[in-house]
Amino acid sequence: MGALGGSGPLGPGVLLLLLCCCRPPPAPAETYTAMASVRRALGSEGRLLRRLRAYLREESARLRRLARFYEKVRALHQDPKASVDNPLLAFSLIKRLHSDWPNVVYSDEATENTQALHAGFREVEQELPGAEDLDGAARALMRLQDVYALSVKGMANGVFQRAGATRPLLYSPGRRVSLSADDCFHVGKVAYDTGDYYHSIAWLEEAVGLFRLSYGNWNLEDRSSLEDALDHLAFSYFMAGNVSHALSLSKEFLHYDPSNQRVARNVAKYEKLLETGMVARPGPLRRPNSTRLQSRDAYEELCQRPGGAGGVGTPALSCSYETNGSPYLLLQPAKKEMVQIQPYVALYHDFISDAEAETIKGLAGPWLQRSVVASGEKQQKAEYRISKSAWLKDTADPAVRALEQRIAAVTGLDLRPPYAEYLQVVNYGLGGHYEPHFDHATSRKSPLYRMKSGNRIATVMIYLSAVEAGGSTAFIYANFSVPVVKNAALFWWNLRRNGDGDGDTLHAGCPVLAGDKWVANKWIHEHGQEFRRPCGADPRD
């Protein structure tokens, strides 16, 4: 919490930690990792909204009855003709004080209404996002901020525009929604808790500004305050080396809470550091690279390109109708667009119908689980892949079987078990992405080799939905990206003809800025393809 050894300033986390202990235990991250889950959460909130409406209706009726009692008694007190000399008025006074007032004050009606609201909440509580979901959603906003170079102030105002740019908006929502001061505080707090002061300062600055504008107006739903935001922002600046600004913010905090001894000690410490000249001039804040992504700049530049544009010198490639020598495609040839020669990447338009796409999404929906990545000989969840996925056999539905036949016809490859994996259906989450990776195994210890059918020779990725912004597939070393094209299939070779992995196929799923991205992946292995894609004459090919 502190800095500069044991005598350093103390951060503001202790009090919030105690407050958080009163909250229910965190649920597993099952909401933010897939938009299908986010949509289900919207249904849960709809049920809570109906419960709250019933509560408000009952409470309004109770308060109207309470107001009638108040007005009746007040009218008697303000009427000079209403004298207790009248035995009827005297009787009603005694009755009110003995019976009516206790009935009003100790009425169980308010408690019963509250209990009904609590019961309604408990009915859906197990479905609600947990603490990990909330933190994951905050990290998603920071990811979108970074990858698309978005302005934090713009995001807080509901505007998706690059920082310091006059370019067109990256995304214009139908309804513009602004973030509250408490919302911005939480995003900044998530960064603060991980020592990420690059992001915490930007978001807490926005929170402080919004809290200042609304100071004195308390919102029932807020868990933070201007003092909280000032406290965390001051310590963030201190940890970033800007002691003078940390001092200024801490003094502002003491204006609102002059009895806070911890912040007062921090002020004294900051002043001493500045007086003794022990403070170095603060340098520019550096954005952390939490996943140690070496190709981060190239990846983000590709994600920011409009329409998935290619790199400098990309040749004009061709479009054609292809049958690939398959009788299956004679009456309805595949609509092939060559995207890149090296690596070989082709996009097949209208590869799947709307009805087929909806069927496949519907089949996969109930089975979606958090996507995993290979880690040595094991598989595990990772922050650099945010999605949920499910696997479908070709026996799951005629639509899956027809799709597999179409893939086999277009690629000319053998998809019979064990030469290909089951169809993987993926739904990306909030800011869902998959950082640069290879589809083929780069180590013989990879779990891919458990199939005993060699490495992944090819990938077919089918876009089952459209998105409003973001979500392109970026090929990092080849310097081009492909936007999401609904119902199209993207095909590429992962291995060269000599069986070596093609390094140019390093690719990524850019974060989804807006929309609900679904894809279906078919990974085909090298065994069984010996005569369908034979080795070339050049051993280096």
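A short tour of the structure in this document, coming up. The model shown is predicted, which means the values in this text are computed figures rather than measured ones. (Residues numbered from 1 in each chain as written. Predicted model: local features only at pLDDT ≥ 70, side-chain atom pairs only at ≥ 80, totals over all residues. Heavy atoms only, no water.)

Comments concerning the sheet that holds strand S8 (residues 423-428)
Note the threshold: By definition, two strands form a pair when at least two bridges between them are found by DSSP. Helix numbers and strand numbers start at the N terminus; a helix is a DSSP run of H or I with at least 4 residues, a strand a run of E with at least 2. In what follows, residue pairs with any heavy atoms lying within 4.5 Å of each other are defined as contacts. Angles run from 0 to 180 degrees between N-to-C directions of axes, and those axes are lines fitted to C-alpha atoms, restricted for helices to the stretch in contact.
The strand order S1-S2-S3-S14-S10-S17-S8-S7-S4 describes an open sheet built from 9 strands, whose pairing is antiparallel. Because the sheet does not close on itself, it has two edges, and the strands there are strand S1 (319-322) and strand S4 (369-370). Each of strand S7 (387-392), S8 and strand S17 (518-525) is contacted by helix H13 (residues 354-364), which is oriented at about 100 degrees to S7, the strand it contacts most.

A closer look at the packing of H13 against helix H14 (residues 398-411)
The relative placement of two packed helices is expressed as an angle between their axes plus a distance between the axes. We apply this condition: Between 65 and 115 degrees an angle is taken as roughly perpendicular, under 35 as roughly parallel, over 145 as roughly antiparallel, and anywhere else as oblique. By definition, turning the near helix anticlockwise from the far helix through less than a right angle yields a left-handed crossing, and turning it clockwise yields a right-handed one. For this classification, the nonpolar set comprises Ala, Val, Leu, Ile, Met, Phe, Trp, Tyr, Cys and Pro, the charged set comprises Asp, Glu, Lys and Arg, and every other residue, Gly included, is treated as polar.
In contact at an axis separation of 10 Å, H13 and H14 are set at 120 degrees when each is read in the N-to-C sense. Classified by the interaxial angle, the pair formed by H13 and H14 is oblique. The interaxial crossing formed by H13 with H14 has left-handed handedness. Residues Glu356, Thr359, Ile360 and Leu363 of H13 pack against Ala399, Val400, Ala402, Leu403 and Arg406 of H14. A breakdown of the residues in the contact of H13 with H14 according to their chemical character gives 6 nonpolar, 1 polar and 2 charged.

Things to note about the environment of alanine 466
The following threshold applies: Working definition: with a 1.4 Å probe on protein chains only, accessible area under 20% of the residue-type maximum means buried, over 50% means exposed, and in between means partly exposed.
Here alanine 466 lies in the loop between strand S10 (456-463) and strand S11 (467-470). Exposure remark for alanine 466: the relative accessible area of 44% places this residue in the partly exposed category. C-alpha of alanine 466 to C-alpha of leucine 247: the two residues are 219 residues apart in sequence and 49 Å apart in space. If sequence neighbours within four positions are ignored, alanine 466 has contacts with Val484, Lys486 and Asp516.

Focus on the environment of proline 129
Inspection of the secondary structure puts proline 129 in the loop between helix H4 (109-124) and helix H5 (131-147). Proline 129 sits 98 residues away from threonine 31 along the chain, and the two C-alpha atoms are 5.9 Å apart.

Concerning the sheet that holds strand S15 (residues 507-509)
One open sheet accounts for 4 strands, arranged S9-S15-S12-S13; its pairing is antiparallel. Here the strands that pair on one side only, and so sit at the sheet edges, are strand S9 (434-437) and strand S13 (480-482). When strand polarity is set aside, the average angle formed by the axes of neighbouring strands in this sheet is 15 degrees. Pairing geometry for strand S12 (residues 473-475) and S15, over 3 bridges, is antiparallel. Across the sheet, the residue bridging to phenylalanine 475 is histidine 507, located in S15.

Quick word on the nonpolar core
Filter applied, for reference: Only buried Ala, Val, Leu, Ile, Met, Phe, Trp, Tyr and Cys residues count toward a nonpolar core, and they belong to the same one when joined by side-chain atoms within 4.5 Å.
Tyr148, Tyr299 and Leu513 are the most contacted members of the largest nonpolar core, which has 56 residues in total. Excluding residues within four positions of it along the chain, leucine 513 makes contact with Leu144, Tyr148, Leu150, Phe160, Leu170, Tyr171, Ala469 and Gly470. Among the nonpolar cores identified, the runner-up in size contains 36 residues, and Ala364, Ala458, Trp493 and Ala520 belong to it.

Let's talk about the environment of alanine 399
Within the secondary structure layout, alanine 399 lies in helix H14. Remark: the alpha-carbon pair of alanine 399 and valine 124, spanning 275 residues in sequence, is separated by 35 Å.

A look at the side chain of histidine 507
Which entries qualify depends on this criterion: Distance and chemistry together define a polar contact, namely a pair of N or O atoms within 3.5 Å, with one atom able to donate a hydrogen and the other to accept it when in protein, and with adjacent residues in sequence counting only for side-chain atoms on both sides.
Considering the arrangement of structural elements, one finds histidine 507 in strand S15. Here the side chain of histidine 507 touches threonine 505 through a polar contact of 2.8 Å, landing on its backbone oxygen. Once residues within four sequence positions are removed from consideration, histidine 507 is found in contact with Glu435, Pro436, His437, Phe438, Asp439, Thr473, Ala474, Phe475, Ile476 and Trp492.

Topic: unusual backbone geometry
What is expected of a backbone is that most residues other than glycine have negative phi and most peptide bonds are trans. The peptide bond linking glutamine 342 to proline 343 adopts the cis configuration, its omega dihedral lying at 0 degrees. Residue proline 418 is reached from proline 417 by a cis peptide bond, and omega for that bond is 0 degrees. With respect to the element layout, proline 418 can be found in the loop between H14 and S8. Here the phi dihedral of alanine 149 falls at roughly 50 degrees; this positive angle occurs in a residue that is not glycine. Its place among the elements puts alanine 149 in the loop between H5 and helix H6 (152-156). Even without a glycine there, the phi angle at aspartate 350 is positive, about 50 degrees. With respect to the helices and strands, aspartate 350 occurs in the loop between strand S3 (345-349) and H13.

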